[in-house]
2 protein chains.
Amino acid sequence: MNANDKFIAASAHVDAAAVQPLPNSRKIYVAGTRPDIRVPMREITQADTPSAQGAEKNPPIFVYDCSGPYTDPETPIDIRSGLAALRQGWIEERQDTEQLPGLSSAYGRERAADPALAALRFPGLHRTPRRAKDGMNVSQMHYARRGIITPEMEFVAIRENLRRREYIESLRTSGPTGEKMARLLGRQHIGERFGAAIPDEITPEFVRSEIARGRAIIPNNINHPESEPMIIGRNFLVKINANIGNSAVSSSIGEEVDKMTWSTRWGGDTVMDLSTGKNIHETREWIIRNSPVPIGTVPIYQALEKVDGKAEDLTWEIMRDTLIEQAEQGVDYFTIHAGVLLRYIPMTAERMTGIVSRGGSILAKWCLAHHQENFLYTHFEEICEIMKAYDVAFSLGDGLRPGSIYDANDEAQLGELKTLGELTQIAWKHDVQVMIEGPGHVPMQLIKENMDLQLDWCDEAPFYTLGPLTTDIAPGYDHITSAIGAAQIGWYGTAMLCYVTPKEHLGLPNKQDVKEGIITYKLAAHAADLAKGHPGAQIRDNALSKARFEFRWEDQFNLGLDPDKAREFHDETMPAHGAKLAHFCSMCGPHFCSMKITQDVREFAASQGVSEQEALTRGMETKSIEFVKSGAQLYKQG
Amino acid sequence: MNANDKFIAASAHVDAAAVQPLPNSRKIYVAGTRPDIRVPMREITQADTPSAQGAEKNPPIFVYDCSGPYTDPETPIDIRSGLAALRQGWIEERQDTEQLPGLSSAYGRERAADPALAALRFPGLHRTPRRAKDGMNVSQMHYARRGIITPEMEFVAIRENLRRREYIESLRTSGPTGEKMARLLGRQHIGERFGAAIPDEITPEFVRSEIARGRAIIPNNINHPESEPMIIGRNFLVKINANIGNSAVSSSIGEEVDKMTWSTRWGGDTVMDLSTGKNIHETREWIIRNSPVPIGTVPIYQALEKVDGKAEDLTWEIMRDTLIEQAEQGVDYFTIHAGVLLRYIPMTAERMTGIVSRGGSILAKWCLAHHQENFLYTHFEEICEIMKAYDVAFSLGDGLRPGSIYDANDEAQLGELKTLGELTQIAWKHDVQVMIEGPGHVPMQLIKENMDLQLDWCDEAPFYTLGPLTTDIAPGYDHITSAIGAAQIGWYGTAMLCYVTPKEHLGLPNKQDVKEGIITYKLAAHAADLAKGHPGAQIRDNALSKARFEFRWEDQFNLGLDPDKAREFHDETMPAHGAKLAHFCSMCGPHFCSMKITQDVREFAASQGVSEQEALTRGMETKSIEFVKSGAQLYKQG
């Protein structure tokens, strides 16, 4: 943990842990139809499998990589300069945007001019913001609906396919057992998709059609050209979001940048900066300029800080300036709690835990104080105008989500969801990209209703849920109570899962908590992909299981989501290098390792030059004596 | 961690951490119809809720307590003496057992006579084993089928009810808001039970009928009279098992006893001693004599050690002696891999990970070596004779469970399950209690098939599953990959969940891993109870959520599954005592705590002496000006 309390821009440096190479891994870039489409993946190489017929090659596998240039040793990293603007050319060549003379937001200008902030301001931005030309719409949805396949769309198509076809092909040609390897490692169970329609291979045209339909989004603000495009939709890989951000009580800019790089290293597909403490504007600038993934925010938090925490004093004008301020910094999606309507607020009176969304409670307070309808609702079309001028996506906030099992699926929550569906139609009228936020705390038997109603009422706009937590009784373990719900709702069709860390309800997560939350949600999202039968999802499971069965310990560690922890756990009881070659671990010891027993007999059969089926038949027929002498084999290896 | 490598019986002492009082908790004993039925529960007291109308009482809640006398300050603990034999009287008064002159097992006698073991042998057992009189059957199932309600059955009935009725009554009479409190805290969502039939209140007669039907078991060896009865069945609370035990590579008797007391402290309903290392017999004796929960074992592990790890050399005679040896020590259930039939073994040849059950692989090796049918299958009725003479329950082992996602639900696994169903009928013919072990590694979409087939083929004998793990890609986090599956299969009808620790696949779990596994599985089991709508399951969630909403931090910690960790996490950023009274935590800080915002307005309304509905109506009607002046209230408190 980089305790960077007195943050000074001039001496800011990247978290050393974030730029460590990942074991046996190499950053590769898959080329698209043009040289500037270079899609990052992580290639994990594996050891050969020794066998009597000679070594069996285990070709490298490719995994989704959110870590950006941080894990590319070829790219120098200086967080004071920020990342390269890889999408700049694509944005410019569309000729529908203009470079502004300076910041449009009054607050942004004020911060930029404040000499007191000089020491902590991000020093590396040497361009002014960009905005759609008058009357233009620069959203990916707008292009998609006009039939245009953007480089962003092609990028995500390549990214989603994860070189699966090439991997299977590499198995086929890997040696004498190639065809068998391809059958084994390429096989997967038939999924249950609950109406999702995932093609075997993602084409750029499929991406376009899904975005045009509103069933997927690419959150890609034109002022965040540093980001690598990614897609969120039920017919794509399930994504996860990591929340970071300081609070008035805790953390600094340096720590938050470290959390962002740490999040993306371990697989955060997007990051929300939920800062509510000091220097929100500057913190966000540092995060966006250094983030390879889309950044989301809840602009009302900053608006509230601008009125000294007095919800009653919020105005549309302050909010509007905040939206523009953040859009020009490059925020890729905004949580907008436009569904917290005056008429729903009394429905929360009988709840166990009232309103637990920070944004929701702020707006409820405002609505009642003014006895007016939520200004985000009444100004929704004006918000759409801002969104489409920068391509900011909506994340329509569930301000009335349940904060306890007791409050799950109540009329306030479901009333708001219905309103979010209506707002989706309005946003779509403007060709603005939309996803819908969902709960929260929901017991398992009520989870599917959330998904089914969301699909119905919001017309399949991507669902983005926080967990849900499936019980309230485990503070300190809510990453797990919620992963149980997240895996299920991801299976049912949720497109992105917002992580929960072990600190939920108890305190601000630190870097370690962030990692724990990320890995927990990566595995939940992957479990959902497997259950849906997402094409190729089982490749990584198969490769890891094969490595496990073959006692390729290093490969088992490296193919997992967290090689560092797997190795650390193994080494706790068997630290010697030789133990990485051992055919057992400390759990069972040498006599009791079932994999070793099975392995032994397969290997022996192989050394006899017989096939598995022959070995078995022989075993079954020789009536024991010879079989015992030869070592009691079940199968051969390879 | 008690690194007790050179274990000496004379200086053995209880793990100090296991006898610490739990915060704000008191051990109570609920009396049955006779004075020697004293059912332990943990009573957690709570602070009052301050409100304008005076303090609102929050009555204590009662939670299931597996920790035995360790958490009872009235009971002196000396692990060299073992626990008191609380069931001794019940067993004796049935007059169907006899005290044997000594150990019946040759191996047991040999160990008892070996002077080299004197220093580590358990010194506190001053009785010889007990066995059914000739021709008698002492299983709980046998009594149940003859219409007898045993003290054990009454004990578990009281235990399952958890004083729920008394708690709701205490709410009703807690003060002026009592009726409202009872409605609020007693409410729960309607469950989805998938055919389970759980009565609102568990009666001793219901327990008897479920045991007679074979749908539940009370694992209660007459030689383990120290244990507190508990029940495993789909119409009862979902239980969890913790695996402990040394391996040849790691751990000692002292560490394993510590893991047992640690397991039960955090909620392990049963403990399996899976020792495969040194001094298995003596380790088990120490564990059983000190265990308040049923102990399970896999006797074939010890049998294999007796033949120096050579599976081919196993014989029925060695196995038989081992079963008797362990039955006379007091093991409450045996995992018996009698379903690993010769004809299923070739079906595993095309698997990704072969046979991963240790017991399964040992028996497969034996079967092939001898080309004979599994001797546990051919001698199954003789095993039943042993089981009913001591009341050991079967845990019919799934020796062919899948060890990878790839191998899930294959013909080997399902073939064995069908055989386990046939064996269940044979055991039931002998009135021997049975549960069925289940997988393993299963992707989510294939989990329900496991449950449905088990219910069908095994005629609702309790299902006892290991996870299942829902993906293979997260070594180091398999407590979580499996909790996702465990919560679901528990919901579908599994009666007991065998925990998985973070060390799974990597090494022998230490005490910390054991706790992590236990808490993870407790929350999964509870999520399952909630989803089934188990009567009263939501009481603890409701109480904790109310404490959370009211910023009763200490109560929030104490009502959770792990008060120590919740407090530690909270204090990491806000250690001061005053922070336990604060109406926010470091996550959001004071301005952004949604609960505080909601809370503030409720409290203000209360101070105005208006009801929630009035406050809301007033808020809605006053058209803002007055409302803002008075603080923008939503609801009142209380």
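Residues numbered from 1 in each chain as written. Chains lettered and ligands numbered in written order. Predicted model: local features only at pLDDT ≥ 70, side-chain atom pairs only at ≥ 80, totals over all residues. Heavy atoms only, no water.

> A description of the overall build of chain A should follow, citing residues and the corresponding values.
A count of helices and strands for chain A gives 25 helices and 15 strands. In summary, chain A has a C-alpha radius of gyration of 26 Å against a globular reference of 26 Å for 638 residues, a match within 12%. With 638 residues in all, chain A has 69% of them scored as buried. For chain A, the accessible surface area stands at approximately 19,400 Å², while carbon and sulfur atoms represent 53% of it. Measuring between centres, the 68 positive side-chain charges of chain A sit 4 Å from its 86 negative side-chain charges. (Helix = DSSP H or I, 4+ residues; strand = E, 2+ residues; numbered from the N terminus. Rg over C-alpha atoms; globule rule 2.2 N^0.38 Å. Buried < 20%, exposed > 50% of the residue type's maximum accessible area, 1.4 Å probe, protein only. Areas by Shrake-Rupley, 256 points an atom, 1.4 Å probe, with all protein chains shown as cover. Lys, Arg positive; Asp, Glu negative; His and termini not counted. Charge placed at Lys NZ, Arg CZ, Asp CG, Glu CD.)

> Quick rundown of the interface of chain B and chain A? Include the residues and the values.
At the junction of the two partners, chain B supplies 136 residues and chain A supplies 136 residues. Taken together, both faces of the contact between chain B and chain A bury some 11,500 Å²; the carbon and sulfur share is 67%. At the junction of chain B and chain A, the tally comes to two salt bridges. Our enumeration of links across chain B and chain A arrives at 24 residue pairs in polar contact (both at pLDDT 80 or more). The leading source of residues in the side of chain B that touches chain A is helix α18 (residues 511-532) of chain B, at eleven residues. (Contact = heavy atoms within 4.5 Å. Buried area = accessible area lost by both parts, 1.4 Å probe. Salt bridge = Lys/Arg side-chain N within 4 Å of Asp/Glu carboxyl O. Polar contact = N/O pair within 3.5 Å; in protein donor to acceptor, adjacent residues only side chain to side chain.)

> Residue-level account of the relation of the copies chain B and chain A, with values.
By a simple turn and slide, chain B fits onto chain A: the slide is 0.0 Å along the axis, the RMSD is 0.0 Å, and the turn is 180 degrees. What we have between these two chains is a two-fold relation. If distances are taken from each C-alpha of chain B to the rotation axis, the shortest is found for isoleucine 484 of chain B, at 2.3 Å. Looking at the interface residues of chain B, 100% of them are also at the interface in chain A, so both copies use one shared face. (Least-squares fit on C-alpha atoms with pLDDT ≥ 70 in both.)

> Summarise unusual backbone geometry; cite the residues concerned and give the values.
All names here are of chain A. A cis amide bond, omega 10 degrees, links glycine 467 with the succeeding residue proline 468. Structurally, the position occupied by proline 468 is in the loop between β14 (463-466) and α17 (478-492). For histidine 371, which is not glycine, the phi torsion reads 40 degrees and is therefore positive. Within the secondary structure, histidine 371 is located in the loop between α12 (358-370) and α13 (375-378). Notably, histidine 505 is not glycine yet its phi reads approximately 75 degrees, a positive angle. Along the chain, histidine 505 falls in the loop between β15 (496-498) and α18 (511-532).

> Give me the UniProt feature "binding site: Zn(2+)" (unreviewed entry) in chain A: which residues, what numbers.
Sequence positions flagged by UniProt for "binding site: Zn(2+)" (unreviewed entry) are, in local numbering, His441 and His505 of chain A. The greatest C-alpha distance among the annotated residues, which extend across 65 residues, is 12.3 Å, indicating that they converge on a single site. If you trace the backbone, histidine 441 of chain A turns up in the loop between β13 (434-438) and α16 (447-457). Every residue in contact with histidine 441 of chain A, bar those within four places of it in the chain, is listed here: Pro402, Gly403, Ser404, Ile405, Ala408, Pro468, Leu469, Asp472 and His505 of chain A together with Arg548 of chain B. Looking at histidine 441 of chain A, its side chain comes within polar contact range of the main-chain oxygen of glycine 403 of chain A, at 3.4 Å. Given a relative accessible area of 15%, histidine 505 of chain A falls into the buried group. (UniProt positions renumbered as here; feature names shortened; annotations may be inferred.)

> Which residues make up the sheet that holds strand β8 (residues 239-244) of chain B, and what are the values?
All names here are of chain B. Spatially, eight strands are ordered β8-β9-β10-β11-β12-β13-β14-β15 in a closed barrel, and the strand pairing comes out parallel. Taken pair by pair, the neighbouring strands of this sheet meet at an average axis angle of 25 degrees, ignoring direction. Pairing analysis gives three bridges linking β8 to strand β15 (residues 496-498), with the strands arranged parallel. Counted as the bridge partner of isoleucine 240 is leucine 497 from β15. (Pairing = 2+ DSSP bridges. Axes fitted to C-alpha atoms, helices over the stretch in contact; angles between N-to-C directions.)

> Tell me what's going on with the UniProt feature "binding site: [4Fe-4S] cluster" (unreviewed entry) in chain A, and back it up with residues and numbers.
All names here are of chain A. The feature "binding site: [4Fe-4S] cluster" (unreviewed entry), as annotated in UniProt, sits at Cys585, Cys588 and Cys593 in this numbering. Position of cysteine 593 among the secondary structure elements: in the loop between α22 (589-592) and α23 (594-607). Classification of cysteine 593 by relative accessible area gives buried; the value is 10%.

> Kindly report on the pairing of strand β9 (residues 270-273) of chain A, identifying the contributing residues and their values.
Residues and elements named next belong to chain A. Of the two faces of β9, the one carrying Thr270 and Met272 and the one carrying Val271 and Asp273 are both buried. Bridge count between β9 and strand β10 (residues 295-297): two bridges; the pairing is parallel. Note on β10: the bridge partner recorded for methionine 272 is glycine 296.

> Could you give me a rundown of the packing of aromatic side chains, with the residues and numbers involved?
Tallied over the entire structure, the rule returns 26 aromatic pairs over all chains. Seen in terms of ring centroids, phenylalanine 206 of chain A and phenylalanine 236 of chain A are 5.6 Å apart; in terms of plane orientation they differ by 50 degrees. Their pairing is tilted. Taken together, the residues span a long stretch of sequence, with phenylalanine 206 of chain A in helix α7 (residues 204-213) and phenylalanine 236 of chain A in the loop between β7 (232-233) and β8 (239-244) at a distance of 30 residues. In this structure, phenylalanine 206 of chain A and phenylalanine 236 of chain A share a single accessibility class: buried. Ring plane angle 45 degrees and centroid distance 6.2 Å describe the contact between tryptophan 553 of chain A and phenylalanine 557 of chain A, whose orientation is recorded as tilted. In this pair, tryptophan 553 of chain A and phenylalanine 557 of chain A are both assigned in helix α20 (residues 553-559), four residues apart and thus about one turn of the helix distant. Judged by relative accessible area, which is 4%, tryptophan 553 of chain A ranks as buried. Three or more aromatic residues joined by ring pairs make a cluster, and in this case those are Phe7, Phe122 and Trp286 of chain A. Between the NZ or CZ atom of lysine 503 of chain A and the centre of the ring of phenylalanine 569 of chain B, over which it lies, the distance is 5.3 Å. Above the plane of the ring of tryptophan 262 of chain B lies lysine 511 of chain B, whose end atom (NZ or CZ) is 4.4 Å from the centre. (Phe/Tyr/Trp six-rings, centres within 6.5 Å; stacked < 30°, edge-to-face > 60°. Lys NZ or Arg CZ within 6 Å of the ring centre and 35° of its normal.)

> Any chance you could break down the packing of helix α11 (residues 316-329) of chain A against helix α14 (residues 380-390) of chain A for me, citing the residues and the numbers?
All names here are of chain A. Between α11 and α14, whose axes approach to 10 Å, the crossing angle comes to 10 degrees. Our classification of the angle between α11 and α14 gives roughly parallel. Across the interface between the two elements, Trp316, Arg320, Leu323, Ile324, Ala327 and Glu328 from α11 touch Glu382, Ile383, Ile386 and Tyr390 from α14. Across the contact of α11 with α14, the residue classes break down as seven nonpolar, no polar and three charged. (Parallel < 35°, antiparallel > 145°, perpendicular 65-115°, else oblique. Nonpolar A, V, L, I, M, F, W, Y, C, P; charged D, E, K, R; others polar.)

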